[in-house]
Amino acid sequence: MRRRALVTTLLLSAGFGASAADDKSEAGKKALEQSCQLCHSLRLVESQRLSAAAWQKEVDKMIGWGTVVQDRQILVDYLSQHYSNTMPPAAPVMSANSE
Amino acid sequence: MKRVLHSRRAALAAFAATAAVARGMDASDQIVIPGKRSMIVHNDRPDDLETPIAHLNQWLTPVDCFFVRQHLPRPTVSEAGFELKLTGRVEKEMNVTLAQLRQLPQYTVPAVLECTGNGRAFFSPRVPGVQWGRGAMGNAEWTGPRLSDVLKLAGADLNTAYVTANGADMGLAKTPDFIRSLPMKKSLDPATLLALKMNGEPLPSLHGFPLRLIVPGWDGTSWVKWVNYLSVDQTPNTGFYMNPGYRFPKHPGAPGAPVNPSDLAVIEDMPVQSFITGHTDGAKVPVAALTLKGVAWAGESRVAQVEVSRDAGLTWQTAQLTGKDLPFTWRLWALAWRPPQPGYYTVLSRATDIRGRTQPLVPTWNPSGYLFNAVDRIGLSVEAGS
């Protein structure tokens, strides 16, 4: 019984943890879509593979260039997690022939 | 004037926002770039398009697969409304029309145009910026009046230090305007043009219609597009794209280490380099006679030699230089080879120019990933015939 309670607690906390992470990731994705698309496509972001420090620098540069970022840390964390320099390069995207 | 600018910016911003939403809704569709064959898309708004390597396996690069680099939203310039403003240290300020530019003597200069960041994706540690592979370069024939003849129309003081060029493109929000200053010496070079045509066709909008600065041998950043303003100035422009943008360390530093801005210098001439264009990395070929092919160029200098290794650099053979031998363009090179047996072969190419400059084995790391010119490398899988 005690064991079951412990397992339930663990599962619950894991569940809460994942959901908090999901929420943060969702907020990060939203921040990316809201702050970065005025001047360029998201492809320019998604093709990068940078360290957290480098992402921070990029976000600050873009804030300097006038983009509005509600929560800088959420955006930097999202970029660092999803487009990290530890990940393999992005697969190339090809356009279709226009003729 | 200022109010007009602001409202135009606001209109651009509104347009970009609408475009973003529209693009988001169509995310599953493949992008089509009008006037272009299938290209490697690094950014589709504004367009940053890389040429697939197979199209570089020829002397002239067709316009419909020539790479595109844009910093800012592409402006729409109408032929009728176009004027080029000449100002600064000139006898009389003037606005020049396209008809006037066409009346000046026209020259055709073949020249390689290469993005300053070509090969950025090969730097380690990785650096921010468009992640170009090998294809942010091409060789085209550019036609138009000499920059020097245009400057003389307004009686420019040719002893002044710089010519500053601005195009019709503008940054959104507080993004800096793309403005470049070219030293007068290079401005007066007979090969420095204001091009109206590319490979004999009127310049397409993506390549700077109606007027593009052609600065043979120098990095692509100098080749300002949609030029509508030239100012003859004693000092260079101090905007982002002159400083700190498009600068290279005066001395190599540790990869990944920050570089002091005072240790950076403006990029001008390009280094010597070569690319293998006849095969792609990882290509499979049968055990049979084949020809390794590629291109080599050296900025303002000339290619003297291309060496090729089929064994990861243990031994090198001199390739044959083929095709036209003209300043500012690339040489084609070729080396016949019969792979001795099936297996994986690491093929390298290394060019040397007439000044004795050659390609390093390892790229010179720099914070913005400019001027990649390490020895090129592909792997070929040679397979037994069936």
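What counts and what doesn't
For every chain, the first residue of its written sequence is number 1, and the numbers climb from 1 along that sequence. Working convention: letters from A go to chains and numbers from 1 go to ligands, in the order in which they are written. Side-chain atom pairs in this predicted model are given and counted only at pLDDT of 80 or more, local residue features only at pLDDT of at least 70, and totals for whole chains, interfaces and linings cover all residues. Numbering goes from the N terminus for both helices and strands, where a helix is a DSSP run of H or I of at least four residues and a strand is a run of E of at least two. For this measure, only C-alpha atoms enter the radius of gyration; the expected value for a globule follows 2.2 Å times N^0.38, where N is the number of residues. Each residue is classified by how many other C-beta atoms fall within 10 Å of its C-beta atom, where C-beta atoms are placed from the backbone; a count of 20 or more means buried, 12 or fewer means exposed, and values in between mean partly exposed. Placing C-beta atoms from the backbone, we regard two residues as in contact once those atoms come within 7 Å. Strands qualify as paired when DSSP identifies two bridges or more between them. In this analysis, the expected span of each helix is defined as 1.5 Å times one less than the number of residues it contains. The arc in question is formed by the directions pointing from the helix axis toward the C-beta atoms. Polarity classes work like this: nonpolar for Ala, Val, Leu, Ile, Met, Phe, Trp, Tyr, Cys and Pro, charged for Asp, Glu, Lys and Arg, and polar for all others, with Gly in that last group. What we call a nonpolar core is a set of buried Ala, Val, Leu, Ile, Met, Phe, Trp, Tyr and Cys residues whose membership is set by joining through C-beta atoms within 7 Å. Where each domain starts and ends follows an automatic or database-derived domain assignment. Axis definition: a line fitted to C-alpha atoms, limited for helices to the stretch in contact. Angles are taken between N-to-C directions and run from 0 to 180 degrees. Angle categories are assigned with fixed cut-offs, so that under 35 degrees is roughly parallel, over 145 is roughly antiparallel, 65 to 115 is roughly perpendicular, and the rest are oblique. Here a crossing is called left-handed whenever its near helix is offset anticlockwise from the far helix by less than a right angle, and right-handed whenever the offset is clockwise.

Draft legend 1. Representation of the overall build of chain B in the model. The number of helices and strands found in chain B is four helices and 24 strands. Relative to the 2.2 N^0.38 estimate, which gives 21 Å for 386 residues, the radius of gyration of chain B is 22 Å and therefore close to what a compact globule would have. By its C-alpha atoms, chain B is 70 × 50 × 45 Å across when sized along the principal axes. Taking all 386 residues of chain B together, the buried fraction comes to 45%. Residue pairs at least 24 apart in sequence account for 69% of intrachain contacts in chain B once pairs closer than 6 positions are excluded.

Draft legend 2. Expanded view of the sheet that holds strand E19 (residues 303-309) of chain B. All names here are of chain B. Overall, mixed pairing links the five strands, which are arranged E17-E24-E23-E19-E20 in an open sheet. This sheet does not close on itself; its edge strands, each paired only once, are strand E17 (283-286) and strand E20 (317-318). Note: E19 against strand E23 (residues 343-353), six bridges, orientation antiparallel. For Val306, the partnering residue across the bridge sits in E23 and is Ala351.

Draft legend 3. Inspection of helix H3 (residues 52-64) of chain A at higher detail. Residue and element names in this part refer to chain A. Counted at 1.5 Å a residue, the expected span for H3 with its 13 residues is 18 Å, and the 18 Å between its end C-alpha atoms agrees. Regarding H3, the residues found buried are Ala54, Trp55, Val59 and Met62. On an axial view of H3, the arc spanned by its buried residues comes to 135°, and they lie on one face. Opposite the packed face of H3, turned more than 90 degrees from it, sit the exposed residues Ala53 and Lys61. Contacts from the buried residues of H3 go to helix H4 (72-82). Backbone geometry just downstream of H3 places Gly66 in the positive-phi region, at approximately 105°.

Draft legend 4. Representation of the interface of chain A and chain B within the structure. Counting from both sides, the interface comprises 26 residues of chain A and, opposite them, 31 residues of chain B. Elements represented by at least two residues in the side of chain A that touches chain B include exactly helix H2 (43-46) and H3 of chain A. Here the residues of the side of chain A that touches chain B are counted per class, giving eleven nonpolar, eleven polar and four charged.

Draft legend 5. Representation of the pairing of strand E18 (residues 290-297) of chain B. Residue and element names in this part refer to chain B. Across the eight residues that make up E18, a large majority, six, are buried. Relative to E18, strand E16 (residues 273-276) is paired through four bridges, and the arrangement is antiparallel. The residue bridging Phe275 from the neighbouring strand is Val295, located in E18.

Draft legend 6. Expanded view of the nonpolar core. Membership of the largest hydrophobic core comes to 80 residues, with the highest contact counts inside it found for Leu194(B), Ile214(B) and Val227(B). Lining this core are residues from two domains, each supplying at least three of them: domain 1 (36-262) and domain 2 (273-383) of chain B. In this structure, Leu194(B) is in contact with Leu101(B), Gly144(B), Pro145(B), Leu147(B), Val150(B), Leu211(B), Leu213(B) and Val227(B), ignoring residues within four places of it in sequence. Ranked by size, the runner-up nonpolar core spans 14 residues in total, among them Leu44(A), Val45(A), Val76(A) and Tyr78(A).

Draft legend 7. Molecular detail of the packing of H3(A) against H4(A). Residue and element names in this part refer to chain A. At a minimum axis distance of 9 Å, the contact between H3 and H4 shows a crossing angle of 135°. As far as their axial angle goes, H4 and H3 are oblique. For H3 against H4, the interelement crossing comes out right-handed. Counting all contacts with H3, which are made through Ala52, Trp55, Gln56 and Val59, the residues of H4 involved are Arg72, Leu75, Val76, Leu79 and Ser80. Per-class residue counts for the contact of H3 with H4 are six nonpolar, two polar and one charged.

Draft legend 8. Just unusual backbone geometry, in detail. All names here are of chain B. Here the bond from Arg45 into Pro46 is cis, since omega is -10°, no more than 30 degrees from zero. Summarising the element assignment, Pro46 is placed in the loop between strand E1 (40-44) and strand E2 (47-50). The omega torsion of the bond from Asn243 to Pro244 falls at 10°, within 30 degrees of zero and hence cis. Along the chain, Pro244 falls in the loop between strand E13 (227-233) and strand E14 (247-249).

Draft legend 9. Just the domain arrangement of chain B, in detail. Residues and elements named next belong to chain B. Each assigned domain of chain B is listed here: domain 1 (36-262) and domain 2 (273-383). Distance between the C-alpha centres of domain 1 and domain 2: 27 Å. On the side of domain 2, 26 residues touch domain 1, which itself brings 28 residues to the contact. Within the residue set of the side of domain 1 that touches domain 2, elements represented by two or more residues are strand E5 (107-114) and E14. For the side of domain 1 that touches domain 2, the element with the highest residue contribution is E5, accounting for four residues. Its residues assigned to classes, the side of domain 1 that touches domain 2 shows 18 nonpolar, eight polar and two charged.

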